[in-house]
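# Overview (structure and organization)
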Amino acid sequence: VDIFYDVSAESSTEFPDRLSLMEVRLQAQEDEITLLKSSLADALRKLRLHDQQIPLLKQQLIAGKRNSLFHCANIKIFPALLKSRDSQEKTKQRLSKKAASSTNLLTRSPSQSIKMFIRGRPITMYIPSNILNYEELRMDLPLQKLDLDWVYGYRGRDCRANLYLLPSGEAVYFIACVVVLYHIRNQTQRHYQKHTDCVRCLAIHPDKVRVASGQTAGVDKDGKPLQPFVHIWDSKTLVTLQQIGLGTFERGVGALTFSSSDAGTLLCVIDDSNEHMLSVWDWNKNIKHVEVKSTNEAILAVDFSPTDTNNIISCGKSHVYFWTMSTGTLTKKQGIFGKYKKPKFVLCFVFSLTGDVLTGDSEGNILTWGKSAADTKTLGKGAKETFQIMKQTRAHEGSVFAMCVLQGGAILSGGGKDRKVIRWSADLAPERECEIPEKFGAVRTIADVDGEELLVGTTRNAILRGTFSDGFVAIVQGHVDEMWGLATHPTQNIFISCGNDRQVCVWNAEDHKLDWCTTLEESGLCADFSPNGAVVSVGLSTGRWVVLDLQTKEVVSDLTDGNEQLSVMRYSPDGSFLAVGSHDNLIYIYNVTEGGRRYTRFGKCTGHSSFITHLDWSKDGKYIMSNSGDYEILYWDVASGCKLLRNRFESKDREWASYTCVLGFHVMGVWLEGSDGTDINALCRSHSESMVAVADDFCKVHLFQYPCPKPKAPSYKYEGHGSHVTNVRFTHNDSHLLSMGGKDTCILQWRVKGAAPGDHSKEHLASSSSVCSSSSSPVNGT
Ligand SMILES: *[C@@H]1O[C@H](CO)[C@@H](O)[C@H](O)[C@H]1NC(C)=O
Ligand SMILES: *[C@@H]1O[C@H](CO)[C@@H](O)[C@H](O)[C@H]1NC(C)=O
Ligand SMILES: *[C@@H]1O[C@H](CO)[C@@H](O)[C@H](O)[C@H]1NC(C)=O
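A few points on the structure. These numbers come from a predicted model, not from an experiment. (Residues numbered from 1 in each chain as written. Chains lettered and ligands numbered in written order. Predicted model: local features only at pLDDT ≥ 70, side-chain atom pairs only at ≥ 80, totals over all residues. Heavy atoms only, no water.)

Next up on the list: the overall build of the chain. Within the chain, the regular secondary structure consists of five helices and 55 strands. For the chain, the residues scored as buried account for 59% of the 782 residues in total. When contacts within the chain are restricted to residue pairs at least 6 apart in sequence, long-range pairs at least 24 apart make up 51% of them. (Helix = DSSP H or I, 4+ residues; strand = E, 2+ residues; numbered from the N terminus. Buried < 20%, exposed > 50% of the residue type's maximum accessible area, 1.4 Å probe, protein only. Contact = heavy atoms within 4.5 Å.)

Our focus in this paragraph is the site of ligand 2. Around ligand 2 sit Asn493, Glu510, His732 and Asn733, and those are all the residues in its vicinity. Here an oxygen atom of ligand 2 and a side-chain polar atom of histidine 732 are 2.9 Å apart. Between asparagine 733 and ligand 2, the recorded distance is 2.3 Å, taken from a side-chain N or O atom to an oxygen atom. Here ligand 2 has 360 Å² of accessible area as a free molecule, and 41% of this is covered by the chains. Tallied by class, the residues present in the shell around ligand 2 amount to no nonpolar, three polar and one charged. (Near = heavy atom within 4 Å. Polar contact = N/O pair within 3.5 Å; in protein donor to acceptor, adjacent residues only side chain to side chain. Areas by Shrake-Rupley, 256 points an atom, 1.4 Å probe, with all protein chains shown as cover. Nonpolar A, V, L, I, M, F, W, Y, C, P; charged D, E, K, R; others polar.)

Before going further, it helps to spend a moment on the site of ligand 3. Every residue near ligand 3 is listed here: Phe577, Asn591, Thr600 and Phe602. Within the side chain of asparagine 591, one N or O atom sits 2.2 Å away from an oxygen atom of ligand 3. Considered on its own, ligand 3 offers 360 Å² of accessible surface; in the complex 36% of this is hidden by protein. Across the shell around ligand 3, the residue classes break down as two nonpolar, two polar and no charged.

Summed over all chains, the structure comprises 27 salt bridges. The partner of glutamate 522 in a salt bridge is arginine 544, with the nearest N and O atoms 3.9 Å apart. Taken together, the residues span a long stretch of sequence, with glutamate 522 in the loop between strand 36 (514-519) and strand 37 (524-529) and arginine 544 in strand 39 (residues 544-549) at a distance of 22 residues. Here arginine 544 falls in the buried class, since its relative accessible area comes to 18%. (Salt bridge = Lys/Arg side-chain N within 4 Å of Asp/Glu carboxyl O.)

Moving on to the sheet that holds strand 48 (residues 643-644). Pairing is antiparallel across the open sheet formed by four strands, whose spatial order is 45-46-47-48. Every interior strand has two partners, whereas the edge strands, strand 45 (612-617) and strand 48, have only one. (Pairing = 2+ DSSP bridges.)

The subject of this paragraph is unusual backbone geometry. Each neighbour pair has its own omega, and for tyrosine 706 with proline 707 the value is -5°, a cis peptide bond. One non-glycine residue with positive phi stands out, namely leucine 428, at about 65°. Along the polypeptide, leucine 428 turns up in the loop between strand 27 (420-424) and strand 28 (430-435). Accessibility expressed as a relative area gives 8% for leucine 428, which makes it buried. We note that histidine 512 has phi near 60°; this positive angle belongs to a residue other than glycine. With respect to the helices and strands, the residue histidine 512 is situated in the loop between strand 35 (503-508) and strand 36.

With that settled, consider the state of the cysteines. Should the sulfur atoms of two cysteines be covalently bonded, the bond is a disulfide. One pass over the full model with this rule turns up one disulfide. Here cysteine 177 is not cross-linked by a disulfide; its sulfur's nearest cysteine counterpart is in cysteine 198, at 4.9 Å. Exposure remark for cysteine 177: the relative accessible area of 4% places this residue in the buried category. With no disulfide partner, cysteine 348 has as its closest neighbouring cysteine sulfur the one in cysteine 315, 6.9 Å distant. Assessed through its relative accessible area of 8%, cysteine 348 is described here as buried. (Disulfide = S-S within 2.5 Å.)

Another aspect to go through is the environment of glutamine 187. Note that glutamine 187 resides in the loop between strand 7 (178-183) and strand 8 (188-192). Along the primary structure glutamine 187 and glutamate 170 are separated by 17 residues, whereas in three dimensions their C-alpha atoms are 9.3 Å apart. Setting aside anything within four residues of it in sequence, one finds glutamine 187 in contact with Trp150, Tyr182 and Lys513. Within the structure, the side chain of glutamine 187 is placed 2.9 Å from the side chain of lysine 513, a separation counted as a polar contact.

Turning our attention to the sheet that holds strand 5 (residues 163-165). Spatial strand order, 5-6-7-8: four strands in an open sheet with antiparallel pairing. At either end of the open sheet lies a strand with only one pairing partner, and these are strand 5 and strand 8. Each adjacent strand pair in this sheet contributes to an overall mean axis angle of 25°, direction not counted. Pairing analysis gives five bridges linking strand 7 to strand 8, with the strands arranged antiparallel. Bridge pairing in strand 8 places valine 180 opposite histidine 191. (Axes fitted to C-alpha atoms, helices over the stretch in contact; angles between N-to-C directions.)

As structure tokens, this is what we get:
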């Protein structure tokens, strides 16, 4: 059991090459399955509808000939009947990725409408009557800009070498593409934002000021791999001092370290290629001294000997290597396990103050290594010295995930299964121990603060601070799996997040603290606050949805609609209705009473031919606008019984209380030429109605002017996320924007700043060629 646990806990970093290959294949298969499933579901639904629709269709065909100007009712039915074939087409297109996707050329029809095409599918938008001359509308940049204000989260789940304390009192760690410098006492953050994809490892220079950070390669928009690199930067000024390895490193940077006995002139890097190339650099001059294939097995850690820069040690799957560097070559000697059981993984090592090498492994042991003189008796005259185990110390149940040496020589170790932090004397006698609460997961990293106080990074993405005597409290927390649901409070700087880890978390955007968190029985995919701010409803993965009271934190309502995942929850502006959008193509409408505590089914909106992706209420609370997975825009008269408004032209002037639909006249310009319909996951209009923020599938957040009804509208682009951005929301008074990265488990908080017209920062306008590695697939999908 132990071994299996360790393997799974390790796999995401330990087998990056095989894993990424498998991930790509799995993703392709998942995509295909998703589409096949949705085609099948649609086909079945269509079969049922078919019988009812044939007579209706005939009628409408006849009516359509008479009334050719407003023909939306007719075109709605044809694509619906043709949908299954189209879905197969979609599968094919999806598999050949975005290359085959169609452009959204716009055509102007003589009536007051405009057509946009996504994947060859025409989407008609009717021009509101207050726009007298659409042709002459000019699209400008928004007057506001964004600044990264706060980063929620820490990547402890699958990265090591990920947490240090600087003499400035700042903890340095990373999540997504951002290295965070968090001043523990002042509770302030600074950010190093020069990485173009996920940061994977960090090293601190012996001067405790300079930092090296390595990233994954990422891929460009066509899925072509980009080149990873290491940045060396000054933690005081955040100035980049050097970039090394571009064109040398492959796939990503797995481990890196500065030398220490020569005042940190060298940097050793191990990349994520199959051979795990180990290279040593004079980083200041950007000169590579030596490069060697280290092993085909996973490598987990590397370091220079503190007393001799020519000695380097690396460890990983079932090995520990002792490297010697001389005149441009590196020779390796394998540590010999001899009569000791060879561990599945050697996960970490330290140099004790007495000069021994201590390794921590997946058997739960700390092994003390020493050099033995050459065994010339049995091996002959040419035999060389060997590295052998001198002592085995039982340390943890499960793996030893982390080790750290304190100033006086005491050693700390952290357990990957027993969640214990143990302090050992220099000769490895246990002195103190402490167990990390289960909800935070296992010990990933330990950083010494002052010999007494420690920082502990955990595998459930938390950073804890504390001492053996007083125990540990979390100073950084986050989600641990893909997130989709994000909502902001109507009157306070509070927001809620939910995702596949089944956690629903309530955050304070002012003091950046996690207010509280509750674990549900299923993944939470969408959420909305009631307009009175007293409750929040969360849509889950099986059609179930729950309403939580913000004060008591209790579930006040628990209902189910259909049996497919829910994609959107939205209260009407006065809070008297709740609309629940489902993957079963329906929107369920509820009467809401008792301030959001009581729900009674009012009706359901039937007519979409694919899953609901987004919806918004009109300002008067009577109508709904909705989008679906096959790029339909439909309007509904809710007040008079959830009636589909077949004449979409008549809804062109309606005002919307919120704007989160990604398809609509007012946001047509946010779509790029050649967009796949899944390139934009979410968008959100500001409450001021002057800007719209967009969450795209390529790690970017965009800020456009609102309304944005013309193609090629200019925008500011913001980087930081390391995976598809799944959601964006403005806080109640537009002081901040929150963006949610799906798989990067990171929430970014952006400060909205007014900018003088004409003050167009180049940095933000420059479009970057890099795109993050993990794009999502289905719109708002699983
Ligand atoms: C922390 O706060 C102190 C006192 O306000 C200030 O002098 C110091 O510069 C702050 N440090 C950081 C890194 O923000
Ligand atoms: C927004 O509201 C917060 C309180 O939630 C307040 O502190 C802040 O000053 C407001 N900002 C603006 C721009 O009105
Ligand atoms: C739900 O709301 C509608 C519209 O306000 C109202 O006519 C109806 O009586 C309400 N139903 C219930 C069960 O409260």
